[in-house]
Amino acid sequence: MRGAVAIVVFACTCQAQFRSTVPLVVAPTTITNSKGGFVDGLTVDDLALFDNSVPQAIQMDWIAYPIDLVVAVQTSENSGAVIDKLGGAGILLTQLVAADGGRTAVITFSDEVKVHQDFTGEPDPVSHALRMLRKEGGDAVTLDAMHQALLMLEKRPSGRRRIILMIGEKRDRSSKANLSEVMEQVQRLNAEVYWLTYSPFLQPFTVKPKTAEDLKPIDERIKVQKCGLCPKPDKTPVPLDTGPGNPLYALGELIRLHEPDLSSLFTKNTGGRTLNFLKKNALEQAIQLIGEEVHRQYILSFVPKGGEPGAFHEIQVVVKNRPELRAKAREGYWGLP
């Protein structure tokens, strides 16, 4: 995977991606062949982009720009099994997704949003932040977390790509932030959203029986007694955490199915993708796939030709004269006022 990280990425210029006075639309585009492999080496002349079926003049630069990555982890009471699986993910996030010159920050969300690690280029602080996570609260203020991530990215230097990786459920619980305002915010910053999601019903059954020591954050756990007077690991067995399995919770989840699927909404409209995982190896493979995709994308940009403010514009990217190649880009954007 490190080879994928080293590949030169196609990125738009800092003026194109970050100058908020210009209503520029950025469209990260992944090109794959019939076997799903990434296709490199195309030029701007090989691609065509349509905005509401109207061809656009597009820009694609060959310069690699570093990444600012915000990792937002849900830490509500039904997330314990997921938190345990993230203990070794720090190196993957910093080396494969943010990669060379990148900076990574870690925030969590349950009843509120907390910043655990500000932007850093070092893997150890990110790994430590993930290994110190614990369950807290019953809600999942997903939109509030997205809003916080965007505020952090907005303060970063220009000339950098902005990526948010959400690790949590698909739907929101009790956020104060407004969906339309957050969507406008993510568009103005041309941020790209990826989402790793899971079933809170199934996750508890992917972990082994635990002791009281296992309930501590990973970096606070005592593996062995280091000296005669040092504390011992607490081997007291604890009941299996069956997660949110009671009928009342299930009824609430059925009601929440009518809430917007934020994972689909944000990833499809920013050029990212949603990946599901159950076990730890699937989580790590998903992070590796995101890292590879991010560093193999063609970052296209164009200036929209008018349009009604607030109206949705559908985007389509195709590879000219190569019907066997598939282009995946953001599905569209809402015209900004």
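Note that the structure is predicted; figures quoted are calculated from it, not measured.

Asks: When you look at the overall build of the protein chain in this model, what are you seeing that I'm missing?
Replies: Check the secondary structure of the protein chain and you find ten helices and 13 strands. Relative to its full complement of 337 residues, the protein chain shows a buried share of 50%. In the protein chain, the proportion of contacts linking residues at least 24 apart, taken out of those at least 6 apart, comes to 82%. Summing over all exposed atoms, the protein chain offers an accessible surface of approximately 15800 Å²; the carbon and sulfur share of this is 54%.

Asks: Help me understand unusual backbone geometry, please; the structure alone is not making it clear to me.
Replies: Backbone geometry at Ser-53 places phi at a positive 70 degrees, although glycine is not the residue there. Turning to its location among the elements, Ser-53 is positioned in the loop between β2 (47-51) and β3 (54-55). Even without being a glycine, Ser-174 presents a positive backbone phi close to 75 degrees. Its place among the elements puts Ser-174 in the loop between β7 (161-167) and α7 (179-188). Overall, Ser-174 belongs to the exposed group, its relative accessible area being 51%.

Asks: Explain the environment of Gly-90 here, please?
Replies: Residue placement: Gly-90 occurs in helix α4 (residues 90-98). A relative accessible area of 0% places Gly-90 in the buried class. Distance in space between the C-alpha atoms of Gly-90 and Glu-122 is 9.8 Å, their sequence separation being 32 residues. Residues within four places of Gly-90 in sequence aside, it is in contact with Val-126, Ser-127 and Leu-130.

Asks: Is there a simple way to think about the packing of aromatic side chains in this case?
Replies: The geometry of an aromatic ring pair comes down to the distance between the two centres and the angle between the two planes. By the definition in use, this model includes three aromatic pairs. Each ring, one from Phe-302 and one from Tyr-333, has its centre 6.2 Å from the other, and the planes form 65 degrees; the classification is edge-to-face. You can see Phe-302 sitting in strand β10 (residues 298-302) and its partner Tyr-333 sitting in strand β13 (residues 332-334), a full 31 residues away along the chain. With respect to class, Phe-302 is no different from Tyr-333; both count as buried. Lying across the ring of Phe-119, Arg-156 places its NZ or CZ 4.6 Å from the centre.

Asks: In this structure, what is going on with helix α5 (residues 123-131)? I would like to understand it.
Replies: Each α-helix winds once per 3.6 residues, and so residues spaced three or four apart point in a common direction. For α5, the set of buried residues is Pro-123, Val-126, Ser-127, Ala-129 and Leu-130. Along α5, the residues classed as buried sweep out an arc of 160 degrees about the axis, all on the same side. At its buried positions, α5 is contacted by β4 (67-74), α4, β5 (103-109) and β6 (113-120).

Conventions adopted
- Residues numbered from 1 in each chain as written.
- Predicted model: local features only at pLDDT ≥ 70, side-chain atom pairs only at ≥ 80, totals over all residues.
- Heavy atoms only, no water.
- Helix = DSSP H or I, 4+ residues; strand = E, 2+ residues; numbered from the N terminus.
- Buried < 20%, exposed > 50% of the residue type's maximum accessible area, 1.4 Å probe, protein only.
- Contact = heavy atoms within 4.5 Å.
- Areas by Shrake-Rupley, 256 points an atom, 1.4 Å probe, with all protein chains shown as cover.
- Phe/Tyr/Trp six-rings, centres within 6.5 Å; stacked < 30°, edge-to-face > 60°.
- Lys NZ or Arg CZ within 6 Å of the ring centre and 35° of its normal.
- Arc of directions from axis to C-beta.

No statement about biological role is implied by the geometric values presented.
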